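Reading the structure
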Amino acid sequence: MLYQHELGGSGLDEVLSRFSPAEMVLEGDAAATLPAGNASAAQDYAKDLVRGVAEHRDEVDSLIREHAVNWRLERMPVVDRAILRVAVYELLYQTDIPRVVILDEAIELAKLFGSEQSSAFVNGVLDGLIHTQELPGKLH
């Protein structure tokens, strides 16, 4: 949704209204099916994340800029930027999720959807943030 919002030029409300996890089809190792009740919960959670990133974008982007050594936010691949924004938002505001889980999930998303270098880049930015910032929540 963040990718679509940024590249498609669609408004956030429009992007949110069009999203349906039932329409998402992944192949290979990423293939998964959601039980009917879980699809609605996944949709709600994804929308909450996107809204949260949008609401706190200045703060999130500031932290990414601070920890993305030699990279301007605007020059990052859109996929990497979207993954980092979600992960940083979760680190700041989803305190019930352990930081290592957020980091691992972001790296896996970067491997799946980014370039060959994306997972190392995302790992480096988030690892630097985790080790230099006072973050709420638990490590494990």
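Just so it is clear, the structure is predicted and the values come from calculations on it, not from any experiment.

The subject of this paragraph is the packing of aromatic side chains. Geometry of an aromatic ring pair is reported as the spacing of the ring centres plus the angle between the planes. Across all of its chains, the model carries 2 aromatic pairs by this definition. Taking 5.3 Å as the distance between ring centres and 55 degrees as the angle between the ring planes, the aromatic pair formed by tryptophan 71 and phenylalanine 121 counts as tilted. A residue pair is termed long-range when its members are at least 10 positions apart, and tryptophan 71 in the loop between helix H4 (57-67) and helix H5 (78-93) and phenylalanine 121 in helix H7 (residues 118-132) qualify at 50 residues. According to the relative accessible area criterion, tryptophan 71 is partly exposed, its value standing at 39%.

Taking 1.5 Å of rise per residue, the 15 residues of H7 would be expected to cover 21 Å, and the 21 Å separating its terminal C-alpha atoms lies within 8% of that figure. For H7, the complete set of buried residues consists of Ser118, Ser119, Phe121, Val122, Val125, Leu126, Leu129 and Ile130. Down the axis of H7, the sector holding all buried residues measures 165 degrees, keeping them to one side. H7 presents Ala120, His131 and Thr132 as exposed residues on the side facing more than 90 degrees away from its buried surface. Taken together, the buried residues of H7 touch H4, H5 and helix H6 (99-113).

Bringing the environment of histidine 67 into the picture now. Of note, histidine 67 is situated in helix H4. In this structure the C-alpha to C-alpha distance between histidine 67 and threonine 132, which are 65 residues apart in sequence, comes to 9.2 Å. Setting aside residues no more than four positions away along its own chain, histidine 67 makes contact with Val125, Gly128, Leu129, Thr132 and Gln133. Within the structure, the side chain of histidine 67 is placed 2.7 Å from the side chain of threonine 132, a separation counted as a polar contact.

The rules we used
The written sequence of each chain sets the order in which its residues are numbered from 1. Local features in this predicted model are restricted to residues of pLDDT 70 or higher, and side-chain atom pairs are both shown and tallied only at a pLDDT of 80 or more, whereas totals for entire chains, interfaces and linings draw on every residue. To get the side-chain values, all heavy atoms of the structure are used, and hydrogens and water are removed first. In summary, the pairing rule links any two rings of Phe, Tyr or Trp, Trp by its six-membered ring, whose centres are within 6.5 Å, and it sorts them by plane angle into stacked for under 30 degrees, edge-to-face for over 60 and tilted for everything else. Where helices and strands are cited, they refer to DSSP runs of H or I of at least four residues and of E of at least two residues respectively, numbered from the N terminus. Buried, partly exposed and exposed residues are distinguished by accessible area as a fraction of the type maximum, computed with a 1.4 Å probe on protein chains only: under 20%, between the cut-offs, and over 50%, respectively. One less than the number of residues in a helix, times 1.5 Å, gives the span that helix is expected to have. Working note: the arc is built from the helix axis to C-beta atom directions. A contact between two residues is defined here by any heavy atoms of the two lying within 4.5 Å. Polar contact criterion, stated in full: a pair of N or O atoms within 3.5 Å, where within protein one must be able to donate a hydrogen and the other to accept it, and residues adjacent in sequence count only if both atoms are side-chain atoms.

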